[in-house]
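The primary structure of each chain is shown beneath.
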Amino acid sequence: AIKFEEFSVGVPGTDKPLLPQMSIEFEPGTIIALLGPSGSGKTSFLQSCAGAWPAHHGSARLGGRDIATWDARDRGRFVGYLPQHTELLTGTVFENISRFGACDPEDVFSAARKIGAHDLILTLPKGYDTPIGEGGVHLSAGQRQIVGLARAMFGDPALVLLDEPTAHLDANLAAELMKYFGDLARMPQDRRGSTAIIATHDLRLINAADKIMIIKDRKIAISNRDEYLRKVSDLRRGQAQQQSSAQPTSAAGNVGNGGQITVDRSNTEESS
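Attention in this report is confined to the structure presented alongside it. Fair warning: this is a prediction, and the values are worked out from it, not measured in the lab. Throughout, residues of each chain are indexed from 1 in the direction in which the sequence is written. Selection of residues for local features in this predicted model requires a pLDDT of at least 70, selection of side-chain atom pairs for listing and counting requires 80 or more, and totals for whole chains, interfaces and linings are taken over all residues. Side-chain measures were taken over the full set of non-hydrogen atoms in the model, leaving aside hydrogen atoms and water.

1. Topic: the overall build of the chain
The line we're drawing: Secondary structure elements follow DSSP: runs of H or I of four or more residues count as helices, runs of E of two or more count as strands, with numbering from the N terminus. For the exposure calls, accessible area comes from a 1.4 Å probe over protein chains only, and a residue counts as buried if that area is under 20% of its type's maximum, exposed if over 50%, partly exposed in between. Whether two residues touch is decided by their heavy atoms; if any such pair falls within 4.5 Å, the residues are in contact. Each accessible area value is a Shrake-Rupley result obtained with a 1.4 Å probe; residue values ignore everything except the protein chains displayed when judging cover. Only four residue types enter the charge count: Lys and Arg as positive, Asp and Glu as negative, with His and the chain ends excluded. To locate a charge, take atom NZ for lysine, CZ for arginine, CG for aspartate or CD for glutamate.
Each helix and strand in the chain was counted, giving nine helices and 12 strands. Considering only C-alpha atoms, the chain reaches an extent of 70 × 45 × 40 Å along its principal axes. Across the 272 residues that make up the chain, the buried fraction comes to 44%. Taking contacts inside the chain between residues at least 6 apart in sequence as the whole, the part at least 24 apart equals 67%. With the model as given, the accessible surface of the chain reaches about 13800 Å², and the carbon-plus-sulfur share is 48%. When the 29 positive and 32 negative side-chain charges of the chain are each reduced to one mean point, those points stand 4 Å apart.

What follows is the structure, given as structure tokens:
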């Protein structure tokens, strides 16, 4: 379980918090979709959850232990983190996924297979032994992100934190990631093994989430997935009705665009 106790987030060295205090506990195996407009504080929240930033106030506890004060060498075995901009270290693909530790190779391959990265990695010049970083092969943004995803999944961590995990993936790789979380969501929650918090603008991931956390205007709201989807559906229906009533009725009753109603969904997430 991850438990937030009067937890607030702020930039290190500043007095003013970015987000208000929150106190809530998520049961083991919960999948949380973290939504909000750009700049709302989603990345800062995940950084504090990962222990990269100290909490501005309060604590985030994983299994009862304060993440921020947990020794990083030990904490890394239990927390998998994909930052918004994936950084890889000089070494091989295998070493980056395994976090440069001794391990069973099958553990690395398993982490890659989970999110559909295995076949892509095999297409690299030397597969898992492909050198990257200084003097190595240059990887595209999508390739870096898929290696970073496999690294986050390595070792079946108790807490998985993903910041915009589909941002640089092509359609096939994004579909593989959706399948992984879709399969996970269909499992009983007590058998999933990992609790996940996923910051995303990709609304497809919401279908796999148990809880929705929305950050907007320095406020935090948490709801069940079905409740959130119902509100989004009501909002879209209202938008469609407004557009329909605004159309001219002289053209044989047709609505523009070949008789189809176009709903502007660009701000659905933020409006909800």
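2. Details of the sheet that holds strand 6 (residues 79-82)
Stated precisely, the cut-off is as follows: For two strands to be treated as a pair, DSSP must find at least two bridges joining them. Inter-axis angles, ranging from 0 to 180 degrees, are taken between N-to-C directions of lines fitted to C-alpha atoms, where helices are fitted over the stretch in contact.
Taken in spatial order, the six strands make up an open sheet running 6-9-10-3-11-12, and their pairing is mixed. Each edge of the open sheet is held by one strand with a lone partner, namely strand 6 and strand 12 (219-224). Neighbour-to-neighbour, the strand axes of this sheet turn through a mean angle of 15°, independent of strand direction. Where strand 6 meets strand 9 (residues 159-163), four bridges bridge the pair, whose relative direction is parallel. In the sheet register, Leu 82 faces strand 9, and the bridge partner there is Leu 162. Seen against the sheet, helix 1 (residues 42-50) touches strand 3 (31-35), strand 6, strand 9, strand 10 (195-199) and strand 11 (211-216) and runs at an angle of roughly 155° to strand 9. Together, strand 6 and strand 9 form the strand contacts of helix 6 (residues 141-153), whose direction differs from that of strand 6 by roughly 165°.

3. Points about the side chain of Ser 98
In this fold, Ser 98 is placed in the loop between helix 3 (93-97) and helix 4 (105-114). Beyond its immediate stretch of four places on either side in the chain, Ser 98 contacts Cys 103, Val 108 and Phe 154.

4. Here's the deal with the pattern of salt bridges
Using the following cut-off: We define a salt bridge as a side-chain nitrogen of Lys or Arg found within 4 Å of a carboxyl oxygen belonging to Asp or Glu.
Throughout the structure, instances matching the rule amount to 14 salt bridges. Residue Arg 73 pairs with Asp 71 through a salt bridge whose shortest N-O separation is 3.3 Å. The exposure class assigned to Arg 73 is exposed, which follows from its relative accessible area of 73%. For Asp 71, a relative accessible area of 38% corresponds to the partly exposed category. What emerges from the salt-bridge pattern is a single network uniting Lys 3, Glu 5 and Arg 61.

5. Digging into helix 6
Three or four residues apart is the spacing at which side chains of an α-helix point the same way, because the helix has 3.6 residues per turn. In plain terms, the rule: What a helix is expected to span follows from its residue count: subtract one and scale by 1.5 Å.
Counted at 1.5 Å a residue, the expected span for helix 6 with its 13 residues is 18 Å, and the 18 Å between its end C-alpha atoms agrees. Burial analysis of helix 6 places 10 of its 13 residues in the buried class, which makes it a mostly covered element. Within helix 6, the full set of buried residues consists of Gly 142, Gln 145, Ile 146, Val 147, Gly 148, Leu 149, Ala 150, Arg 151, Ala 152 and Met 153. Contacts from the buried residues of helix 6 go to strand 6, helix 3, helix 4, helix 5 (118-122), strand 9 and helix 7 (171-186). Gly 155 lies just past helix 6 and shows a positive phi near 80°.

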